[in-house]
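Summary of the model geometry
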Number of protein chains: 2
Amino acid sequence: MITKMRAKTKLRKKPDKLWSLDEISQFLSQQGIRPSFHRLKVFEYLINERTHPTADEIYEVLKKEIPAISRATVYNNLRLFLEKQIVQLLNVEKNEARYDATLSWHGHFKCLGCGQVYDVGIESLKLSWLDNYQVLEKHLDLKGLCPSCRERNKFKEQEGLNG
Amino acid sequence: MITKMRAKTKLRKKPDKLWSLDEISQFLSQQGIRPSFHRLKVFEYLINERTHPTADEIYEVLKKEIPAISRATVYNNLRLFLEKQIVQLLNVEKNEARYDATLSWHGHFKCLGCGQVYDVGIESLKLSWLDNYQVLEKHLDLKGLCPSCRERNKFKEQEGLNG
DNA sequence: GTTAAATATTATAATGATTACAAAAATGAG
DNA sequence: CTCATTTTTGTAATCATTATAATATTTAAC
Ligand SMILES: [Mn+2]
Ligand SMILES: [Mn+2]
Ligand SMILES: [Zn+2]
Ligand SMILES: [Zn+2]
């Protein structure tokens, strides 16, 4: 009964403690990025929601609180974050750039049913013959169906087995 | 002297034997795809060159031999190949769809210097918590510098170590 | 606190890869 | 050969993103 701790964890999880605007402001300053208001809000969304949003998703959400915000501002700031290397760009799906403020090495799973992008823990990865290659970026991208979408599609799945 | 066979292999390799148009025609027919001439040539390029080309690269090459060919035809046939699942789509780089007729599980390395896309062998990959998820696609995409581009950039690399 | 320079934001135009569309050409069964 | 189906073509449309130039805001100097 003592072993088997750590229950099975959800793949995408909000951070335990949300970042305050003050903390974000400090962090951006440390990184040599001036903490303008819109900029703070874009980063806040990335770091506190962790939903791997597209630029447009961020724009649509922020527009509710800041009706004057421009789509270009969101794109501009995301580009800046990429240059400064405080967020990473995900290309799980073509024509759908998504952004992630988590930089530690992990993979992504996109559900083709609901469209959500989940984090995937990577326990080990062994590659052949990369001596002398300088690896600057690594991306592991999976696609498929999450448990609930799979449940909803059970019928089709079984159909596939026969047909 | 008997051990240590198999010298270090290049990451991207042309197939040992090129496919003839006849063999390709047969293969497409088997897959329920009618082997029109342009279609054959597009697939021939993918299967015999193995350079992970973009649609436009294929178009530019085929145009030399078939001046009347249309860019739309290349796109149409690539889309058909994807639907029929005889090629896979690579999203290593955003806004740069590349196509690969090798379907076995392997990763890709794109050199940021010369732009070439190499195959990477995957010896093992262990993921956490994907029970109940149905994985339909897996992509491992790396970016960096290949040995020769790295050599050419040695100066900059060392600069980075100091500055 | 005014002023001037630097930076950020905005609205809109431009880009570029891909797709949609409709007409023309090629193919194939009968 | 003839008609129906498929393929190809050329062009227009789409859509995410970037470029541009004007306006607004922030910062630092005086
Ligand atoms: Mn992530
Ligand atoms: Mn490959
Ligand atoms: Zn789902
Ligand atoms: Zn290179």
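Residues numbered from 1 in each chain as written. Chains lettered and ligands numbered in written order. Predicted model: local features only at pLDDT ≥ 70, side-chain atom pairs only at ≥ 80, totals over all residues. Heavy atoms only, no water.

Here's the deal with the interface of chain B and chain A
To be explicit about the condition: Contact criterion: two residues are considered in contact whenever any of their non-hydrogen atoms come within 4.5 Å of each other. Buried area: the sum, over both parts, of the accessible surface (1.4 Å probe) that disappears when the two are put together. Whenever a carboxyl oxygen of Asp or Glu lies within 4 Å of a side-chain nitrogen of Lys or Arg, that contact is scored as a salt bridge. Two N or O atoms count as a polar contact when they lie within 3.5 Å, although within protein this holds only if one can serve as hydrogen donor and the other as acceptor, and sequence-adjacent residues are included solely when both atoms are side-chain atoms. Per the convention used, a helix needs a DSSP run of H or I reaching at least four residues, while a strand needs a run of E reaching at least two, with both numbered from the N terminus. When residues are sorted by character, Ala, Val, Leu, Ile, Met, Phe, Trp, Tyr, Cys and Pro go into the nonpolar class, Asp, Glu, Lys and Arg into the charged class, and all the rest, Gly among them, into the polar class. When DSSP locates at least two bridges between a pair of strands, those strands are taken to pair.
Between chain B and chain A, the contact holds 44 residues from the first and 45 residues from the second. Roughly 4300 Å² of surface becomes buried between chain B and chain A when both sides are summed, with 58% attributable to carbon and sulfur atoms. Counting across the interface, chain B meets chain A through four salt bridges. Of the charged contacts, one joins glutamate 137 of chain A and lysine 143 of chain B as a salt bridge, the two residues approaching to 3.9 Å between their closest N and O atoms. Inspection of the chain B/chain A interface yields 17 residue pairs in polar contact (both at pLDDT 80 or more). At the level of secondary structure, the elements contributing two or more residues to the side of chain B that touches chain A comprise strand E1 (88-93), strand E4 (117-120), strand E5 (122-127), strand E6 (134-145) and helix H5 (147-152) of chain B. Of the residues forming the side of chain B that touches chain A, the biggest block, twelve residues, is contributed by E6 of chain B. For the side of chain B that touches chain A, the class distribution of residues is 21 nonpolar, ten polar and 13 charged. In this sheet, E5 of chain B lies alongside strand E5 (residues 122-127) of chain A in antiparallel orientation, the contact comprising five bridges. In the sheet register, serine 124 of chain A faces E5 of chain B, and the bridge partner there is lysine 126 of chain B.

Focus on the protein's contact with DNA strand D
Applicable threshold: We call a residue near a molecule or strand whenever a single non-hydrogen atom of that residue lies within 4 Å of it.
The local shell around DNA strand D holds 17 residues, among which Tyr75 of chain A together with Arg34, Ser36, Arg39 and Thr73 of chain B are the closest. Sugar and phosphate atoms represent 86% of those atoms of DNA strand D found within 4 Å of the protein. Serine 70 of chain B has a polar backbone atom sitting 2.9 Å from a phosphate oxygen of DNA strand D. Those elements that provide at least two residues to the surface near DNA strand D are helix H4 (71-83) of chain A together with helix H2 (37-49) and helix H4 (71-83) of chain B. Counted by class, the surface near DNA strand D contains five nonpolar, seven polar and five charged residues.

Quick notes on the relation of the copies chain B and chain A
Think of it as a corkscrew move, a rotation about one axis and a shift along it, taking one chain copy to the other. What counts here: Least-squares fitting of one copy onto the other uses the C-alpha atoms of those residues that reach a pLDDT of at least 70 in both copies.
Least-squares fitting of chain B to chain A yields an RMSD of 0.0 Å, with the superposition described by an axial translation of 0.0 Å and a rotation of 180°. Considering both components of the superposition, the chain copies are consistent with a two-fold axis.

Focus: the packing of helix H1 (residues 21-30) of chain A against helix H2 (residues 37-49) of chain A
All names here are of chain A. Definition in use: For every element, the axis is a line fit to its C-alpha atoms; helices are fit only across the contacting stretch, and the angle between N-to-C directions ranges from 0 to 180 degrees. These descriptions rest on fixed angle ranges, namely under 35 degrees for roughly parallel, over 145 for roughly antiparallel, 65 to 115 for roughly perpendicular, and the rest for oblique.
In the contact formed by H1 and H2, the axes pass within 10 Å of each other and the chain directions differ by 105°. The pairing of H1 with H2 is recorded here as roughly perpendicular in orientation. Note on element contacts: H2 touches H1 through Arg39, Leu40, Lys41, Phe43, Glu44 and Ile47, opposite Leu21, Ile24, Ser25, Phe27 and Leu28. Class assignment of the residues belonging to the contact of H1 with H2 gives a composition of seven nonpolar, one polar and three charged.

Considering the confidence of the model for chain A
Let me state the cut-off plainly: pLDDT: the predictor's confidence for each residue, scored from 0 to 100.
Per-residue confidence for chain A gives a mean pLDDT of 90, with 88% of residues at or over 70. In this model, residues 1-8 of chain A is a region of pLDDT below 50 whose contacts with residues beyond four sequence positions or in other chains number three contacts.

Some remarks on the protein's contact with DNA strand C
Within the structure, DNA strand C sits among 17 residues, and Arg34, Arg39, Ala68 and Thr73 of chain A together with Tyr75 of chain B are positioned closest to it. Considering DNA strand C, the proportion of its atoms within 4 Å of the protein that are sugar or phosphate atoms stands at 88%. Contact between DNA strand C and tyrosine 75 of chain B: a phosphate oxygen at 2.6 Å from a side-chain N or O atom of the residue. A distance of 3.4 Å is found between a phosphate oxygen of DNA strand C and a backbone nitrogen or oxygen belonging to alanine 97 of chain B. Broken down by secondary-structure element, the contributors of at least two residues to the surface near DNA strand C are H2 and H4 of chain A together with H4 of chain B.

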